[in-house]
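So you can see what is in the structure, the chains are spelled out below.
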Amino acid sequence: MEKQEFFEISEKVYAANCISEFWQGEKRELFYELCNLMLEQNKVMNLSAIRDEVGVICRHFADSLTIAKHIPEGATILDVGSGGGMPTLPLAIARPDMKITSLDSTAKKMAYVLA
């Protein structure tokens, strides 16, 4: 998917979910890069059953960010069973003020999240 189309779809989805505040400036680029990285890695390791950009935007990014505005500033979060990095990675982009620790029993998924 071209970057502009990704941005347009994301903007609509974020607005519909009242999370537009997390779709600003360089965060847009970071979400685009994360989506592309995730879909590429998903071809060689099973990170998620979602295999298209719209699914990633709607079912991973937007779903992960619905809690973002309810978490206190500077919070410390433990994501147990983070799998392919949801909600850890979107929250880390949207809320750089938080300290997030990601935990999963699958080493290859943790290697992806930490990369």
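Owing to the predicted nature of the structure, the values given are computational and were not obtained by experimental measurement. (Residues numbered from 1 in each chain as written. Predicted model: local features only at pLDDT ≥ 70, side-chain atom pairs only at ≥ 80, totals over all residues. Heavy atoms only, no water.)

Some details on the overall build of the protein
Rules: Secondary structure elements follow DSSP: runs of H or I no shorter than four residues count as helices, runs of E no shorter than two count as strands, and numbering proceeds from the N terminus. Values of the radius of gyration come from C-alpha atoms, whereas the globule rule sets the reference at 2.2 Å times the count of residues to the power 0.38. The buried label applies to any residue whose accessible area, calculated with a 1.4 Å probe on protein chains only, is under 20% of its type's maximum; exposed applies above 50%, and partly exposed to all values in between. By definition in these notes, contact holds between two residues if any of their heavy atoms fall within 4.5 Å. Only the protein chains shown count as cover for residues, and the accessible areas themselves come from Shrake-Rupley with a 1.4 Å probe. Under the convention used here, Asp and Glu are negative, Lys and Arg are positive, and both His and the chain ends fall outside the count. Think of each charge as sitting on NZ of Lys, CZ of Arg, CG of Asp or CD of Glu.
Tallying secondary structure elements over the protein gives five helices and two strands in all. Its helices and strands taken in sequence order, the protein reads α-α-α-β-α-β-α from the N to the C terminus. Against the compact-globule benchmark of 13 Å for 115 residues, the protein has a radius of gyration of 13 Å, which places it among compact chains. With the C-alpha coordinates aligned to their principal axes, the bounding extent of the protein is approximately 35 × 35 × 20 Å. The buried share among the 115 residues of the protein stands at 44%. The long-range share in the protein, meaning contacts at least 24 apart out of those at least 6 apart in sequence, stands at 54%. Surface accessibility of the protein: about 6,300 Å² in total, with carbon and sulfur atoms responsible for 53%. Here the protein holds 12 positive side-chain charges and 16 negative ones, and the gap between their average locations is 5 Å.

Brief notes about the nonpolar core
Rule in force here: Grouping buried Ala, Val, Leu, Ile, Met, Phe, Trp, Tyr and Cys residues that are joined through side-chain atoms within 4.5 Å yields what is termed a nonpolar core.
Core analysis: the biggest nonpolar cluster contains 32 residues, and Phe6, Tyr14, Phe31, Val56, Phe61, Leu65 and Tyr112 have the highest contact counts within it. Counting residues per element, the ones that place at least two in this core are helix 1 (3-16), helix 2 (26-42), helix 3 (53-65), helix 4 (88-94) and helix 5 (107-114). The element contributing the most residues to this core is helix 2, with six residues. The residues touching Phe61, leaving out its near neighbours within four places in the chain, are Phe6, Tyr14, Phe31, Leu34, Cys35, Val56, Met86 and Pro90.

Focus on the side chain of Ser48
For clarity, the cut-off: N or O atoms within 3.5 Å of each other form a polar contact, as long as, within protein, one can give a hydrogen and the other can take it, and as long as residues adjacent in sequence are counted only when both atoms are side-chain atoms.
You can see Ser48 is positioned in the loop between helix 2 and helix 3. Overall, the relative accessible area of 8% leaves Ser48 in the buried class. A distance of 2.8 Å separates the side chain of Ser48 from the side chain of His60, its partner in a polar contact. Each residue touching Ser48, except ones within four places of it in the same chain, is listed here: Met38, Asn42 and His60.

Details of the packing of aromatic side chains
Spelled out, the test is: Pairing of aromatic side chains here covers Phe, Tyr and the six-membered ring of Trp, requires ring centres within 6.5 Å, and sorts the geometry by plane angle: under 30 degrees stacked, over 60 edge-to-face, intermediate tilted.
Within this structure, the stated rule accounts for nine aromatic pairs. Their ring planes at 35° and their centres at 6.2 Å tell us that Trp23 and Phe31 sit as a pair that is tilted. Each of the two residues, Trp23 as well as Phe31, counts as buried. Following the ring pairs from residue to residue traces out a cluster consisting of Phe6, Phe7, Tyr14, Trp23, Phe31, Tyr32 and Phe61.

Examining the side chain of Ser10
The residue Ser10 is located in helix 1 in this model. Classification of Ser10 by relative accessible area gives buried; the value is 1%. Reaching out from Ser10, the side chain makes a polar contact with the backbone oxygen of Phe6 at a distance of 2.8 Å. Apart from residues lying up to four places away in sequence, Ser10 is in contact with Trp23 and Ile57.

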